[in-house]
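One letter stands for each residue in the lines below.
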Amino acid sequence: MTHDDRPFQMTISLDVLQHLGIGLYSNIPAVLSELVANAWDADASRVRIDFDHQTPSIRIRDDGHGMSLHDINSKFLTVGYKRRLQHAETPDGRTVMGRKGIGKLAAFSIADTVDVHTSDGESVHAFRMNTRDIEEAARTGGNYFPEPIDCLVEESDRGTLIRLTDLRKRPSWAADHLRRRLARRFSVIGEKHGFDVSIDGDPITLDDRDYFNDMEFIWYFGDPADDWDFSRAPSGDGAGVLPNVVPILPPNGGPPVEHAIRGFIGTVRKPSQLDDVNNAVVLSARGRLIHEDMLPEYRQARVYTEYVVGEVIADFLDDDNDDIITSGRQRVQQDDARYVAVKTVVNQALHSIRDEWDRKRKQAGVQRALEYPSVKAWYERRGPDTQRTAKRLFVKIEALRLDEDERKYELYRASILAFEKLALKDMLSALDHVETVGDFDLLARLMTGVDEIEATRYRDIVEGRLKVIQALRNLVPNALERALQEHLFNHLWLLHPSWERAATVPRMEETVGAEFEKIDAGLSEEERRGRIDIRFQTVPGKHVIVELKRYDARVNAADLVKQLQKYRRALQKCLRDKYQGEPRDVECVAVLGAAPTPQDDPEGNRRILDAIGARYVTYDELVQQAEASYDDYLKARTHASDLDDLLTALAHDFGIDGKP
Ligand SMILES: Nc1ncnc2c1ncn2[C@@H]1O[C@H](COP(=O)(O)OP(=O)(O)OP(=O)(O)O)[C@@H](O)[C@H]1O
Ligand SMILES: [Mg+2]
């Protein structure tokens, strides 16, 4: 092979490749940020990252100054090329990010094949590199000759295209995850810096660091730096200024040299507004992340740090002297005196913020709560003890940041009711000391308090029941049949508002149940098929036998009377023989799909049933009657109490439909 056939040459040891290439990074955002940094250094104004999920492959195209053949061999293909020895700034005056001449090797940690196409405006060049060939070359002498390929970049279209194929992992991560991570790794992306980076055609912006929208308080190191546009943090309250001077003792003695850092530390309202990427204090220099997160090194108050997000810019850490960045590239040398000094300042800042944050957060929560006039009115009428406790609760509710007003309303309502109940309890214990006539005033207030709370509680119950009834109303017969089968016997209030939770004595239920079974055994086939269930239950003052028939079963009134009578007698016998303390009154209710036959004599049917203390109700009537009786209850209570008024006002404040 002549020299001309092998225009490109790379000298690399296998060891270096293992350490710096394949083993350098595990995550794709970090790898891509190396290539983006190179585009920055090439004075590119635009970088496009495109994913081809089919192949799969990744393309990174920049419009920078590209590379001549000489550049390729002496810079790109030279591992360890130290560009800053030549210039600390790019031709266009940017501060250079590159330093070690190893960044491009990162590509090999996600791809086995890396194609480079480049144009410097005067010539075009393209070559392919492959990990297997590099490894082979390294084993047999160390010289590697990348294979020339057809160039996809036009001479007039200056810049560099890097294409990564034979990816080790399928790029299955979401593009917006990558977008957020890249946004977090560079502070120079965006119009302001003349550096536009886009993923699949969509530019990365500061908004992609989505925590800006959720920041509640912001502290600045020194003056607010204009590196970030804090107007994007609408709720962010400029909470304070942090010391920003980092004194560093020169290694050769002498007075400390002072360096300034810039940046901010912010807190969000609730930890769930930060993900693991954003819940960090990033350290950067020269517009680029050099240390992923300083938070873990501040070992205190875990709960507090879950609210923290921040960025510290310490350009002096990446000056042109000693290299502070480890070859792992994700972090800095922990014991470097310069880093230790920065860490001290940042830790002190985190520490001083902590108490202030706690105070401010509470104040803000209480303030937000008291912005509701009804809550404020209630609060102001309470004594200092209640107010103190209420404030703590407000802070908690407001910290929840519920998206639906309705949820928040419910929490406030429940809290206020709870406080009222507690107040009642206090009054109750005061009752122990009722002796004088004057104390009876207390008794009167107590009675009113009990009434008010019971009334609101009952209203909640009624509203809940109405919702159930309305749901039943919308069911088709089949579904209604199933719903009643499942719920009727445990919710007798469907049949009568005062039939609260059934209070049947368990042993009695067993005895009566056994008697009922004996009767069941004598049923005709048709009777058996027509019935869903028959049960007995005790409600205040009486016992109820409820029979639920199938929706489509047709029942004759006289037969129904005969049948119910048997069960009724069995129950009465049990009561007489074994449960004399129990009420004697027995009511039978048959729930039917349609009125019993003969259908031309409903009056007569009702009469013969009534004679044995029984009645029937059809499925539809059951739902209608239940709805009507509860509706009436709500309408009758036009005005109940102060507490009622307060709760209505509360509903109004939250834009919830006022209660009837
Ligand atoms: N997209 C590009 N456009 C033009 N030149 C490039 C591009 N990418 C790399 N180069 C050249 O290749 C050299 C080596 O890149 P590499 O990323 O390995 O090292 P570096 O950027 O100098 O330092 P570091 O190891 O800190 O990244 C660069 O200094 C630059 O001259
Ligand atoms: Mg680089």
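Whatever comes next refers back to the structure up there.
What you see is a predicted model; the values in this text were computed from it and never measured.

**Observations regarding helix α9 (residues 384–400)**
Taking 1.5 Å of rise per residue, the 17 residues of α9 would be expected to cover 24 Å, and the 25 Å separating its terminal C-alpha atoms lies within 8% of that figure. Along α9, the residues classified as buried are Gln-387, Ala-390, Phe-394, Val-395, Ile-397 and Glu-398.

**Here's the deal with the sheet that holds strand β10 (residues 202–203)**
The strands making up a sheet associate through hydrogen bonds between their backbones, and the pairing can be parallel or antiparallel. With respect to topology, 8 strands assemble into an open sheet ordered β7-β5-β4-β8-β3-β2-β9-β10, the strand pairing being mixed. Two strands lie at the open edges of the sheet, namely β7 (147–148) and β10, each paired on one side alone. In the sheet, strand β4 (residues 111–119) pairs with strand β5 (residues 124–130) via 7 bridges, with the strands oriented antiparallel. Bridge assignment links Thr-113 to a residue of β5, and that residue is Asn-130. Of the strands in this sheet, β4 and β5 are in contact with helix α3 (residues 69–76), which crosses β5 at around 35°.

**Points about helix α13 (residues 506–521)**
Between its terminal C-alpha atoms α13 stretches 23 Å, which fits the 22 Å expected from 16 residues at 1.5 Å a residue. Taken together, the buried positions of α13 are occupied by Met-508, Thr-511, Val-512, Phe-516 and Ile-519. One side of α13 holds all its buried residues, which, seen down the axis, span an arc of 135°. In α13, those exposed residues whose orientation departs by more than 90 degrees from the buried face are Pro-506, Arg-507, Glu-510, Glu-517, Lys-518 and Ala-521. Buried-residue contacts for α13 involve β19 (531–539), β20 (542–549) and α15 (557–577).

**Digging into the site of ligand 1**
As a structural note, the neighbourhood of ligand 1 is formed by 20 residues, with Asn-38, Asp-62, Arg-99, Ile-102 and Lys-104 the closest of them. One nitrogen or oxygen atom from the main chain of Ile-102 is found 2.8 Å from an oxygen atom belonging to ligand 1. In the environment of ligand 1, an oxygen atom lies 3.1 Å from a nitrogen or oxygen atom belonging to the side chain of Lys-104. Broken down by secondary-structure element, the contributors of at least two residues to the shell around ligand 1 are α2 (28–41) and α3. Residue classes in the shell around ligand 1 are distributed as 5 nonpolar, 7 polar and 8 charged.

**Considering the packing of aromatic side chains**
Using the criterion set out here, one finds 17 aromatic pairs in the structure. When the centroid spacing of 6.0 Å and the interplanar angle of 55° are considered together, the rings of Tyr-409 and Phe-654 count as tilted. Here Phe-654 lies in the segment after α18 (642–653) and Tyr-409 lies in helix α10 (residues 405–431), a separation of 245 residues in the sequence. Put simply, the rings of Tyr-372, Tyr-379, Phe-394, Tyr-409, Tyr-412 and Phe-654 touch in pairs and so form one group of aromatic residues. The ring of Phe-145 carries Arg-6 above its face, with NZ or CZ at 3.8 Å from the centroid. It is Arg-361 that lies over the ring of Tyr-307; its NZ or CZ is 5.2 Å from the centre.

**Here we look at the environment of Leu-289**
Position of Leu-289 relative to the elements: it lies in strand β17 (residues 288–291). For Leu-289, a relative accessible area of 9% puts it in the buried group. As a C-alpha pair, Leu-289 and Arg-331 span 42 residues in sequence and 8.7 Å in three-dimensional space.

**Here we look at the pairing of β4**
Of all 9 residues making up β4, 9 are buried, and the element is well covered by its neighbours. Bridge count for β4 against strand β8 (residues 159–167) is 8 bridges, and the pairing is antiparallel. Looking across to β8, one finds that Val-114 is bridged to Leu-164. Connecting β4 to the antiparallel partner β5 that follows it, the hairpin turn spans 4 residues, and Gly-121 within it adopts a positive phi of roughly 95°.

Scoring rules and cut-offs
- Residues numbered from 1 in each chain as written.
- Chains lettered and ligands numbered in written order.
- Predicted model: local features only at pLDDT ≥ 70, side-chain atom pairs only at ≥ 80, totals over all residues.
- Heavy atoms only, no water.
- Helix = DSSP H or I, 4+ residues; strand = E, 2+ residues; numbered from the N terminus.
- Expected span 1.5 Å × (residues − 1).
- Buried < 20%, exposed > 50% of the residue type's maximum accessible area, 1.4 Å probe, protein only.
- Pairing = 2+ DSSP bridges.
- Contact = heavy atoms within 4.5 Å.
- Axes fitted to C-alpha atoms, helices over the stretch in contact; angles between N-to-C directions.
- Arc of directions from axis to C-beta.
- Near = heavy atom within 4 Å.
- Polar contact = N/O pair within 3.5 Å; in protein donor to acceptor, adjacent residues only side chain to side chain.
- Nonpolar A, V, L, I, M, F, W, Y, C, P; charged D, E, K, R; others polar.
- Phe/Tyr/Trp six-rings, centres within 6.5 Å; stacked < 30°, edge-to-face > 60°.
- Lys NZ or Arg CZ within 6 Å of the ring centre and 35° of its normal.

All quantities given are derived from atomic positions and should not be read as evidence of function.
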